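# Topology and contacts: notes
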Amino acid sequence: HWTLLSVSLLNLLLSTACSVGLVLAIALTIHGRGRHLVIGCNSSALPADARAAIVTNDCPFNTTRIYDTALALWIPSMVLVVTEAVLSGKCCLVALILRGIGPCARSYGKDQV
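Bear in mind the structure is a predicted one, so any value in this text is a computation, not a measurement.

## Observations regarding the overall build of the protein chain
- Secondary structure assignment for the protein chain yields 3 helices and 0 strands.
- The helix and strand sequence of the protein chain, counted from the amino end, reads α-α-α.
- For the protein chain, the proportion of its 113 residues judged to be buried stands at 29%.
- Nonlocal contacts in the protein chain, meaning residues at least 24 apart in sequence, comprise 51% of its contacts between residues at least 6 apart.

Given below as structure tokens:
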């Protein structure tokens, strides 16, 4: 029970940190219109809007679709990491109930688990 409690609590904390990081990345990307995504390209030919960027020899990757691709990958990742955090929280609650700790420890919840 202690192993389940410690692993689920650790996973809950890591999932929460990942979700905060993803929210920050999504917010900065939308607010900056993708400028931060192409900041490694030191070219004056790149416009301020990453959606209208052109492919240049100064940039090691294709900048034309980086804004849409980043958001298309980050938003489903956000859904998955929040789901993981919720499931880890439930596992942590089950471990607490099984150890007899918490408000639900001596109730019907322990028999139900």
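## With respect to the UniProt feature "signal peptide" (unreviewed entry) in the protein chain
- When the UniProt feature table is mapped onto this chain, "signal peptide" (unreviewed entry) is found at residues 1-19.
- Between the end C-alpha atoms of residues 1-19 the distance is 27 Å, and the span holds 95% helix and 0% strand.

## Looking at the nonpolar core
- Among the nonpolar cores identified, the biggest contains 7 residues, and these are Ile26, Leu37, Val38, Ile66, Tyr67, Ala70 and Leu71.
- Broken down by element, this core gets its largest block of residues, 4 residues, from helix H2 (residues 66-99).

## Side note on H2
- Over its 34 residues, H2 extends 48 Å from the first C-alpha to the last, a length consistent with the 50 Å expected when each residue adds 1.5 Å.
- Of the positions making up H2, those classed as buried are Ile66, Tyr67, Ala70, Leu71, Met78, Val81, Ala85, Ser88, Cys92, Ala95 and Ile97.
- One or two steps after H2, the chain reaches Gly100, where phi turns positive at roughly 85 degrees.

Rules of the game
- Residues numbered from 1 in each chain as written.
- Predicted model: local features only at pLDDT ≥ 70, side-chain atom pairs only at ≥ 80, totals over all residues.
- Heavy atoms only, no water.
- Helix = DSSP H or I, 4+ residues; strand = E, 2+ residues; numbered from the N terminus.
- Buried < 20%, exposed > 50% of the residue type's maximum accessible area, 1.4 Å probe, protein only.
- Contact = heavy atoms within 4.5 Å.
- UniProt positions renumbered as here; feature names shortened; annotations may be inferred.
- Core = buried A, V, L, I, M, F, W, Y, C linked by side-chain atoms within 4.5 Å.
- Expected span 1.5 Å × (residues − 1).

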